[in-house]
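Observations on the three-dimensional arrangement
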Amino acid sequence: MRIGPALVLVVVAVGCSPTADRDPAGADGAPDDDRDGAPTDRDGAPLPPPAWSSDMTTASASEFYTRLQPGASVDLGVADPAASDGVVARLRFPGLPALGTADRVGPGYASELATNRDDFHHGIYRMRVRLAACPPGEEVVNGLFTYFNDGTDHDGDGLTDNSEIDIEVLCGTPAVVFLSVWTEYTFATEEFRKWTRAIDLTTGDLWDSPSDHEHGLVRAGRDPALALPTLLAPDAFVELGFEWRADRVRFFAVSGGRDVTLAELTDPALPGALMFNVWHPGEHWFGGGGPPDYPADDATLLVDWARYWR
């Protein structure tokens with residue numbers, strides 16, 4: 001998430017609601033994984049080339065802009081033997097032992113990589129990443145998302161349109177993934193419309209937003225098919241993504257070479273940029289435990305590649 005909406009306690013999703021009709025893994029026509037970012041359909045036929053893709057090499061640096069605080073770094077073309085092509089984008093959020101819980105809070109201090117283009121809209125998004133980690137008691141947010149907010153009320157409902165589709169994982173609860181879609185956020189009043197689903201991948205337990213205009217999460221049951229305790233293993237790459245249609249957003253992950261639907265949220269929003277960031281939140285989003293400490297050591301998000309099929 002970016003400045004403003006991302007300052008709230010939990011991830012977001014707007015004007016939409018979680019749906020209960022989750023398709024079984026790989027059975028809804030969504031692409032399967034072939035481990036190089038070129039998926040196939042459910043019958044094994046390859047999809048056409050993506051409308052946009054990046055292997056995060058130095059040659060693609062002109063496609064992106066970066067935002068970072070002093071001491072941070074965002075670099076493309078960094079060597080990594082675990083990457084599919086041997087290089088990654090590295091987003092380093094600087095660890096500073098002297099800072100505390102209330103220091104440099106929010107995405108305004110993020111290490112961020114974002115596309116210069118903001119016309120990403122309906123289609124399939126897939127990305128291979130290794131999430132930033134931290135010790136217990138500290139906290140950073142790993143953000144993989146689309147975003148657009150130009151301060152305009154495009155639909156005339158009295159709230160500023162905020163187009164944002166989020167996949168977020170906090171280093172303090174690395175088995176919990178937050179999936180969100182925003183449609184409205186007015187900075188001056190902090191009014192919003194959103195829905196979020198959180199999934200504890202160790203158990204398959206689910207939490208949802210109580211309404212489209214409230215922060216917080218409420219228990220929403222358990223899906224045993226989403227008990228995937230090794231999906232977000234530390235120091236390992238994982239493939240995540242979402243399918244954005246005209247009436248819903250379907251979030252998915254690749255587990256065991258298969259596409260697994262994590263959640264569906266309805267009412268997607270306007271086109272935006274594709275973005276990645278790491279930042280320090282002022283609160284733990286899951287499980288309590290008091291305000292989290294600022295990381296003492298660097299927290300690093302690696303992006304192997306990203307693909308978009310229109």
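Summarised in this report is the structure supplied together with it. Computed from a predicted structure; not experimentally measured.

With that out of the way, let us pick up the overall build of the chain. On a plain count of helices and strands, the chain comes out with 0 helices and 17 strands. Here the chain holds 310 residues, and the buried ones make up 56% of them. Excluding contacts between residues fewer than 6 apart, the proportion of contacts in the chain whose partners are at least 24 apart in sequence is 67%.

Once that is clear, we can look at the side chain of Asp166. In this fold, Asp166 is placed in strand S8 (residues 161-170). Separated by 3.4 Å, the side chains of Asp166 and Trp182 make a polar contact.

Here we take up the packing of aromatic side chains. Aromatic ring pairs: the centre-centre distance and the angle between the two ring planes describe each pair. For the structure on display, the rule yields 15 aromatic pairs. Look at Trp182 and Tyr185: their rings are 5.6 Å apart centre to centre, the planes differ by 80°, and that puts the pair in the edge-to-face class. The same class applies to Trp182 as to Tyr185, namely buried. Ring pairing ties together the aromatic residues Trp52, Phe64, Phe120, Tyr125, Phe242, Trp244, Phe251 and Tyr308, which thus form one cluster. Its guanidinium or amino end placed over the ring of Phe120, Arg117 lies 4.7 Å from that ring's centre, counting from NZ or CZ. The positively charged end of Arg219 is found above the aromatic ring belonging to Trp207, 5.4 Å away from the centroid.

Right, let's talk about the nonpolar core for a bit. Considering soluble globular proteins, one finds that nonpolar side chains tend to be buried as a cluster. Within the largest apolar cluster, 54 residues are counted, with the highest numbers of intra-cluster contacts made by Met56, Leu91, Leu113, Phe251, Phe276 and Leu301. If one sorts the elements of this core by residue count, strand S17 (residues 299-309) sits on top with 5 residues. For Met56, the residues in contact, after removing those within four places along its chain, are Phe64, Leu76, Gly77, Val87, Val88, Ala89, Leu113, Phe276, Val303, Asp304, Trp305 and Ala306. Membership of the second largest hydrophobic core comes to 9 residues, among which are Ala110, Val141, Phe178 and Trp207.

Attention shifts here to the pattern of salt bridges. Scanning all chains against the criterion turns up 15 salt bridges. A salt bridge links Arg90 to Asp75, with the nearest nitrogen and oxygen atoms 3.6 Å apart. Taken as a pair, Arg90 in strand S4 (residues 87-93) and Asp75 in strand S3 (residues 73-79) lie far apart in primary sequence, 15 residues in all. Between Arg126 and Asp259 there is a salt bridge, with the nearest N and O atoms lying 3.9 Å from each other. With Arg126 in strand S6 (residues 123-130) and Asp259 in strand S15 (residues 258-266), this pair connects stretches of sequence that are 133 residues apart. Like Arg126, the residue Asp259 is buried in the burial classification.

Our focus in this paragraph is the pairing of strand S10 (residues 191-200). With 8 of 10 residues buried, S10 is to be regarded as a mostly interior element. Across 10 bridges, strand S9 (residues 176-186) lies against S10 in antiparallel orientation. If you follow Val176 over to S10, its bridge partner there is Asp200. If you look at the hairpin formed by S9 and S10, you'll find 4 residues sitting between the two strands, and Glu190 has a positive phi there, around 60°.

This next bit is on unusual backbone geometry. A positive phi angle, near 60°, is found at Met56, a position not held by glycine. Tracing the backbone through its elements, the reader meets Met56 in the loop between strand S1 (52-54) and strand S2 (64-67). What makes Met56 buried here is its relative accessible area of 0%. If you check the backbone angles, Asp235 has positive phi at about 60° while not being a glycine. Looking at where Asp235 falls in the secondary structure, it is placed in the loop between strand S12 (218-222) and strand S13 (238-244).

All right, on to the sheet that holds S8 then. Strand order in the open sheet formed by 9 strands is S2-S5-S16-S7-S8-S9-S10-S11-S12, with antiparallel pairing between adjacent strands. Only two strands of the sheet have a single neighbouring strand rather than two, namely S2 and S12. With strand direction ignored, the average angle separating the axes of adjacent strands in the sheet is 15°. Where strand S7 (residues 141-148) lies against strand S16 (residues 273-279), 7 bridges are found, and the strand directions are antiparallel. Residue pairing in the sheet places Phe145 in a bridge with Met275 of S16.

Let's shift gears to the environment of Leu231. Its place among the elements puts Leu231 in the loop between S12 and S13. Accessibility expressed as a relative area gives 10% for Leu231, which makes it buried. When the C-alpha atoms of Leu231 and Thr202 are compared, they prove to be 9.2 Å apart, with 29 residues separating the residues in sequence. Setting aside residues up to four positions removed in sequence, Leu231 forms contacts with Leu201, Val238, Ala253, Val254 and Ser255.

About the thresholds
- Residues numbered from 1 in each chain as written.
- Predicted model: local features only at pLDDT ≥ 70, side-chain atom pairs only at ≥ 80, totals over all residues.
- Heavy atoms only, no water.
- Helix = DSSP H or I, 4+ residues; strand = E, 2+ residues; numbered from the N terminus.
- Buried < 20%, exposed > 50% of the residue type's maximum accessible area, 1.4 Å probe, protein only.
- Contact = heavy atoms within 4.5 Å.
- Polar contact = N/O pair within 3.5 Å; in protein donor to acceptor, adjacent residues only side chain to side chain.
- Phe/Tyr/Trp six-rings, centres within 6.5 Å; stacked < 30°, edge-to-face > 60°.
- Lys NZ or Arg CZ within 6 Å of the ring centre and 35° of its normal.
- Core = buried A, V, L, I, M, F, W, Y, C linked by side-chain atoms within 4.5 Å.
- Salt bridge = Lys/Arg side-chain N within 4 Å of Asp/Glu carboxyl O.
- Pairing = 2+ DSSP bridges.
- Axes fitted to C-alpha atoms, helices over the stretch in contact; angles between N-to-C directions.

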